[in-house]
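# Summary of structural features
This is what each chain is made of:
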Amino acid sequence: MSERGALRARLQLLAREIAKFGAVGAIGFVVNAIVFNLCMHVAHLAVVRSGVIATAVAIATNYVGNRYWTYRHTEGGRRSRELMLFLLFSGIGLVIENGVLALSHYGFGYTSTVADNIAKNVVGLGLGTVFRFWSYRTWVFRALPAREAVQTAESFLGEAPQPYARHTSSGS
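What this report covers is the structure whose coordinates are included nearby. (Residues numbered from 1 in each chain as written. Predicted model: local features only at pLDDT ≥ 70, side-chain atom pairs only at ≥ 80, totals over all residues. Heavy atoms only, no water.)

## Some thoughts on helix 4 (residues 113-140)
For helix 4, with 28 residues, the first-to-last C-alpha span of 34 Å runs short of the 40 Å given by 1.5 Å per residue. In the structure, helix 4 departs most strongly from a straight axis at L125, where the bend amounts to approximately 40°. (Helix = DSSP H or I, 4+ residues; strand = E, 2+ residues; numbered from the N terminus. Expected span 1.5 Å × (residues − 1). Bend = angle between axes of the 7 residues up to and from the residue.)

So this is what it looks like as C-alpha cells:
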C-alpha cells in the first residue's frame with residue numbers, strides 16, 4: 001500500500017472511530033440527561049449530587065458501548081487494567097463536567113433548570129468528551145500496532161487504489 005493509501009486508510013479508520021465514539025456518547029448523553037433530571041426533580045437531590053450520579057450511570061453505559069463496539073479491535077488482554085484506566089479518566093471527565101455545573105450553579109448563581117442542563121450537559125459534557133476521547137484512545141483502548149492497523153484497514157475497506165502508474169506501450 002502506498003503512503004497516500006495508508007494515510008487515507010488511517011483517516012477513514014479515525015473518522016469511523018470518531019463516529020462510533022459519538023454514537024456511544026449520544027446514548028450516554030441521553031442516559032446522563034434523563035438520570036440527572038430524575039435525580040433533581042423526582043428524587044429532589046442537590047444539583048451536583050444529581051450530576052455525579054447521572055455521570056456515573058452514563059460512564060457505565062459508555063464503557064460497555066466503547067469496549068464492545070467502538071474499540072472492539074484494540075488490545076483486550078488486560079481488562080482489569082483497561083477498566084481501571086477507563087474509570088480513572090472517566091472520573092477526571094466527571095470532575096470536568098460537574099465542575100462546570102458547580103461553577104455555574106454555585107459560583108455564578110445560574111440556578112434554573114435550563115442553566116443547570118446547559119452547564120452540565122452542553123459545556124461540561126463537551127469539555128469532558130474531548131478529554132475522554134483523547135485519553136481513551138491514548139491510554140485505555142490502546143491501538144493496534146501501525147502495521148496491523150493498516151492491514152485491518154485494508155481488509156475492512158478493500159485495497160486502497162494505487163497512485164497512477166505510467167503505462168508504456170511496447171509497440172511505440
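## Thoughts on the side chain of K120
Here K120 shows up in helix 4. Judged by its relative accessible area of 0%, K120 is buried. Polar side-chain contacts of K120 include one of 2.7 Å to the side chain of N32. Ignoring anything within four residues of it in the chain, the contact list for K120 reads N32, F36, G51, A54, T55, E97, N98, L101 and L125. (Buried < 20%, exposed > 50% of the residue type's maximum accessible area, 1.4 Å probe, protein only. Polar contact = N/O pair within 3.5 Å; in protein donor to acceptor, adjacent residues only side chain to side chain. Contact = heavy atoms within 4.5 Å.)

## Topic: the side chain of N62
Relative to the elements of secondary structure, N62 occurs in helix 2 (residues 47-70). Excluding its chain neighbours within four sequence positions, the residues that come into contact with N62 are V24, G25, G28 and F86.

## Description of the environment of H41
Here H41 is to be found in helix 1 (residues 3-41). C-alpha of H41 to C-alpha of T113: the two residues are 72 residues apart in sequence and 9.4 Å apart in space.

## Overview of the packing of helix 1 against helix 2
Between helix 1 and helix 2, the least distance of the axes is 8 Å, while the angle of their chain directions is 150°. Between helix 1 and helix 2, the interaxial angle falls into the category roughly antiparallel. When the axes of helix 1 and helix 2 are compared, the crossing they make is right-handed. When the residues that make up the contact of helix 1 with helix 2 are grouped by side-chain class, the tally is 15 nonpolar, 11 polar and two charged. (Axes fitted to C-alpha atoms, helices over the stretch in contact; angles between N-to-C directions. Parallel < 35°, antiparallel > 145°, perpendicular 65-115°, else oblique. Left-handed = near helix turned anticlockwise from the far one by under 90°. Nonpolar A, V, L, I, M, F, W, Y, C, P; charged D, E, K, R; others polar.)

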